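# Chain and residue survey
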Amino acid sequence: MGPPPAVCTRLLSKNFGAVAACDAVDIEIHRGEIHGILGENGAGKSTLMKMLIGLVVPDSGSILVDGSSVQIPDPVVAASLGIGMVHQHFSLVEALTVWENVALGDEGRLSRTAVRSAVGDLSERYGLHVDPDARVADLPVGLRQRVEIIKCLRREPSILIFDEPTSVLTPEESDELFRSLRGVVEQEGRSVALVSHKLTEMLEVTDRVTIMRNGTVVECCVTAETDAGALARAMVGRDVRLRSAEQAPPVPGGYGVRSGSAERPPVLEFRHVEVRESGGSMELDDLTFDLRAGEILGVAGVEGNGQRVIADLLSGLRSQSRGEIAVSGVTVDVSRHGATIEAGIAVIPEDRHDSGIVLEMTVAENLMLSDPSGLSSRGVIDRAGVDEMSRDLIDRFAIMCTGPDAPMWTLSGGNQQRVVLAREITAAPKVLVAAQPTRGLDVGAIEYVTDQLRQVAASGVGILLMSSELDEILELADRIVVIYRGRMTGEMTRSAASREKIGLLMGGDQL
Amino acid sequence: MISGLMVEAVGFEWTAVGEALLNGSVLKPGRWGGTIGVTIPLAMVAIGTIISTKAGLVNIGQEGQLVVGAAFATFASTRVPGPGPFVLLLILLAGVVGGSLWSGIAGGLRYWRKVPEVLTTLLLVAVASNLVGYGLKNPWLLLDPEAKVGNRNLVSEQLPPDTRMPRITLWGNEFPVSAFLAVALILLVGWMLNRTLWGYRLTVVGKNRRVAQRFGISESAQGMIAMLASGGFAGLAGALMLTGGDFANYRLVPGFSVNIGWIGLLVALVANNRASAVIPMAFVFAGLRTGSGFLASTGIERRVTDVVQGLMVLALLLPPAIMFIRERRRALASARSRV
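Residues numbered from 1 in each chain as written. Chains lettered and ligands numbered in written order. Predicted model: local features only at pLDDT ≥ 70, side-chain atom pairs only at ≥ 80, totals over all residues.

## A word on the overall build of chain A
When helices and strands are tallied, chain A shows 17 helices and 22 strands. Taken over the C-alpha trace, chain A has a radius of gyration of 24 Å; the compact-globule value for 511 residues is 24 Å, and the two agree within 12%. For the C-alpha atoms alone, the extent of chain A along its principal axes is close to 70 × 50 × 45 Å. Restricting the contact set of chain A to residue pairs at least 6 apart, pairs at least 24 apart contribute 68%. (Helix = DSSP H or I, 4+ residues; strand = E, 2+ residues; numbered from the N terminus. Rg over C-alpha atoms; globule rule 2.2 N^0.38 Å. Contact = placed C-beta atoms within 7 Å.)

## A closer look at the overall build of chain B
Broken down by element type, chain B carries 13 helices and two strands. Relative to its 339 residues, chain B shows a buried fraction of 47%. Taking as baseline every contact in chain B between residues at least 6 positions apart, the subset at least 24 positions apart corresponds to 76%. (Buried ≥ 20, exposed ≤ 12 C-beta atoms within 10 Å, placed from the backbone.)

## A few points about the environment of B:S178
Residues and elements named next belong to chain B. In this structure, S178 sits in helix α7 (residues 178-195). A count of 26 C-beta atoms within 10 Å places S178 in the buried class. For S178 and M165, which are 13 residues apart along the polypeptide, the C-alpha to C-alpha distance reads 7.0 Å. For S178, the contacting residues outside a window of four places in its chain are I40, M165, L240 and G244.

## Remarks on the confidence of the model for chain B
Here chain B averages 81 in pLDDT, and 80% of its residues register 70 or above. In the predicted assembly, ipTM is 0.75 and pTM is 0.72. (pLDDT = per-residue confidence, 0-100.)

## Examining the sheet that holds strand β10 (residues 216-222) of chain A
Residue and element names in this part refer to chain A. Spatially, the six strands line up as an open sheet ordered β6-β7-β8-β3-β9-β10, and their pairing is mixed. Each having just a single partner strand, β6 (83-86) and β10 make up the two edges of the open sheet. Here the average twist between neighbouring strands, direction ignored, is 20 degrees. Bridge analysis of strand β3 (residues 34-39) against strand β8 (residues 191-196) gives five bridges, and the strand direction is parallel. Looking at β8, one finds that L38 is bridged to S196. On the sheet, helix α6 (residues 171-188) packs against β3 and β8 and is oriented at approximately 145 degrees with respect to β8. (Pairing = 2+ DSSP bridges. Axes fitted to C-alpha atoms, helices over the stretch in contact; angles between N-to-C directions.)

## Looking at the packing of helix α4 (residues 62-79) of chain B against helix α5 (residues 84-113) of chain B
Residues and elements named next belong to chain B. Direction vectors running N to C along α4 and α5 enclose 145 degrees, while the axes themselves pass 7 Å from each other. When you trace α4 past α5, the crossing you get is right-handed. Where α4 abuts α5, its residues G64, Q65, L66, V68, G69, A70, A71, F72, A73, F75, A76 and S77 lie against V87, L90, I91, A94, G95, V96, V97, G98, G99, L101, W102 and S103. Across the contact of α4 with α5, the residue classes break down as 16 nonpolar, eight polar and no charged. (Left-handed = near helix turned anticlockwise from the far one by under 90°. Nonpolar A, V, L, I, M, F, W, Y, C, P; charged D, E, K, R; others polar.)

## With respect to the interface of chain A and chain B
Listed per partner, the contact involves 27 residues of chain A and 21 residues of chain B. Of all the secondary structure elements, the ones that give two or more residues to the side of chain A that touches chain B are β4 (60-65), α11 (352-355) and β18 (380-381) of chain A. Broken down by class, the residue content of the side of chain A that touches chain B amounts to 11 nonpolar, 12 polar and four charged.

## Some details on the domain arrangement of chain A
How big an interface is tends to be reported as the loss of accessible area on association of its parts. Residue and element names in this part refer to chain A. Along its sequence, chain A is carved into domain 1 (7-236), domain 2 (264-344 + 431-511) and domain 3 (357-428). Each of domain 1 and domain 2 has a C-alpha centre, and these two points are 32 Å apart. At the interface, 12 residues of domain 1 touch 14 residues of domain 2. Taken together, the residues of the side of domain 1 that touches domain 2 sort by class into six nonpolar, four polar and two charged. (Domains from an automatic or database assignment.)

## Points about the packing of α4(B) against helix α10 (residues 219-244) of chain B
Residue and element names in this part refer to chain B. Relative orientation of the contacting elements α4 and α10 amounts to 55 degrees, with a least axis distance of 7 Å. Relative to α10, the element α4 is oriented oblique. Crossing geometry of α4 relative to α10 is assigned as right-handed. Between α4 and α10, the residues in contact are Q62, Q65, L66, V67, V68, G69, A70, F72, A73 and T74 and G231, A234, G235, L236, A237, G238, A239, M241 and L242, respectively. A class-by-class count of the residues in the contact of α4 with α10 yields 12 nonpolar, seven polar and no charged. (Parallel < 35°, antiparallel > 145°, perpendicular 65-115°, else oblique.)

## Thoughts on the sheet that holds strand β11 (residues 266-276) of chain A
Backbone hydrogen bonds are what pair the strands of a sheet, in a parallel or an antiparallel way. Residue and element names in this part refer to chain A. Spatially, β12-β11-β14-β15 is the arrangement adopted by the four strands of the open sheet, whose pairing is antiparallel. Each edge of the open sheet is held by one strand with a lone partner, namely β12 (282-292) and β15 (330-331). Where β11 lies against strand β14 (residues 322-327), five bridges are found, and the strand directions are antiparallel. Looking at the pairing, E269 lines up with A326 of β14. Seen against the sheet, helix α9 (residues 307-314) touches β11, β12 and β14 and runs at an angle of roughly 65 degrees to β12.

## Describing the pairing of strand β9 (residues 208-213) of chain A
Residues and elements named next belong to chain A. Within β9, five of the six residues are buried, leaving the element largely enclosed by the surrounding structure. Note that β3 and β9 share five bridges and pair parallel. For L38, the partnering residue across the bridge sits in β9 and is I211. The pairing of β9 with β10 spans six bridges and is classified as antiparallel. In the sheet register, V209 faces β10, and the bridge partner there is C221. Hairpin geometry of β9 and β10 is characterised by an intervening segment of two residues between the two adjacent antiparallel strands and by a positive phi of about 50 degrees at N214.

## With respect to α4(B)
With 18 residues, α4(B) extends 25 Å from end C-alpha to end C-alpha; this agrees with the ideal 26 Å at 1.5 Å per step. When you tally the buried positions in α4(B), you get 15 out of 18 residues, the bulk of the element. (Expected span 1.5 Å × (residues − 1).)

## Some points on unusual backbone geometry
Of note, the phi angle at A:E164 is positive, near 40 degrees, even though the residue is not glycine. By the secondary structure assignment, A:E164 is in the loop between β7 (159-163) and α6. A tally of 18 C-beta atoms within 10 Å means that A:E164 is categorised as partly exposed. At B:N272, a residue that is not glycine, the phi angle is positive and equals roughly 55 degrees. Its place among the elements puts B:N272 in the loop between α11 (260-270) and α12 (275-295).

Encoded structure:
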């Protein structure tokens, strides 16, 4: 036996109510390896990591660091034990500079020169180049992540945990990140735990993979000895249709190669639309595109480059400062209450808790949101009608819940998404905006959502698909536009698209 | 418990105090009537509070809205001629208008100028009582033209008997018929909040503004309506106090509101914003108030009941909070010992 593992857990368990988020989990992360932790959403990956850095206290079991048992009641203790984490959502102060952010959490006197030179050293050593005097607010997401990593590395951690690090990066940025991680691991014998649900990443980057399902470890294997199919089977527990960017699967409903789509009428048009932030900087800049009936138009781009603004515009949550938005040739004033609904725009929002559902209300009440007047007479809600409608939708969309009167917060994320989907699709829209429709869903639910989207498009609805997962866009979209900082950097048909080309455009290169 | 200890601490038997409170509020013959009389405005204030809370607003100025409502009601009573029942109806309407106007100021500031309604409603309480105080000094406003100098110089004209709320006697308890009106209104509001589009939209606005906006529900319109309704109910409470006969002998006097607005707020809080719980909770708080009159016989300072009242609110609100903290502590401790 070699040296004890950097971190290992023994029978670690955590229950939330009746749900076992982690059930007797054993993992071992050794020095000098990149260890992948793969699992669907809700498999217990995040809970496990949170226990390692002290954000969640385990119910039972033990954690061993370098062979000795430890207790980790909070992140400060975790840091002193050499465990650091780069969260999916960064914890940086935008108004401060890079070095100031790196120094956050330090105690005693702050030495500007010492911190700045530390930042410089770390940048040099790991190839994480970033200007220590830049303001974080001015940095693109990829660089912000570097700042976060440097912040972690400066504490000299023996193990670094990354939670879904690539969801905010372009393909090039992801490659760079993994190169520097490789350096961290090989040069200094640190270990990296990489939490992800992306199979390709796991195969390309990690040394070993632990696969979790329903709160337990189902398999731990050496990456070189496995393949995507085996990983997916272990993750889901059955055979799944794998998403493949290279060959779009045949589509039910007979769409696919649609030579005639160019002649179809546009259902949604953006004409020189411009949105300014209250501070004055551009969020959408002269954006012009159209979406035709029955078409899926993919909007590719790194997160935060305007996708959310487009969705907010079409949800009636914001309005443009210049330009025109038209549905079926009729201009829509999105600032007027309910105008987007009347125009026939349905939206599956990026953050369903923000503008998709009301958590404190029941499933039925959430389902009736798009057309409450239709389910009432003279202002009195028709309870029987609502009940019937919700039972029907719960059946048709296979929403797992105790019934129409179940509070929305009792549903899992995937089922909440089904509620949104059911409501928006049955509203018989002309345009369906799907912003990150599969985020946070497990593989089974993703299959379901993508099938639904295809069917809706086949029925003649125009779908505007915004996704940070390039694979999803390449699989579903007929046509693709790429946006970067609120500007369109390219437009192409699916057949003319390639990962490399889109990747470059996502990084800001003009076509 | 704690209140019992406290009473012991000031040197009295706490059972005697409890007995006095119960005697004064419900046990002694005829005491139900007085307690119901106090319950009515408390319940009205509380149901109004529930409406604004549903819309996600924090209206804490019921005391002021009630005073303005009462003042409007008084003004109407002295200026409108006509048959008694008709004037009575107008008085109540004037109360509603007064209360709505007062909360409407806060609502308007909230939606047009983004001033937090927590601040404005609270500050307007002070404005209200001072304005009404001014009104009570001027005969052309509220002051009784025949008020004599001395301690009666700041009162309004007494309502003539035919514009007072009729009182009835049931099983030896005398109370104003507005009790039935109050019950009907509470049932109506409870039904409207749960079963109508209005209540549904209000709840959506209160729970998630972004969803409301997305589905074309106007936050400002719904919020404004809720604010006006909330103040209207407080104003109605004021008018009912004026016409009901259980307060200030059918006159508007300084300090007329006797904290009914504040206590009504507590009733809504303790009722956990459920319309169905308003009536029993309002009755309990009313009982504390009427029972305190009997405390004098035990020789204890009346104000003790205020303390009891405060402790009661704490007693009702603390257990969930304490349970939460204890649960958390226990979880942490057991986790530590096992790991």
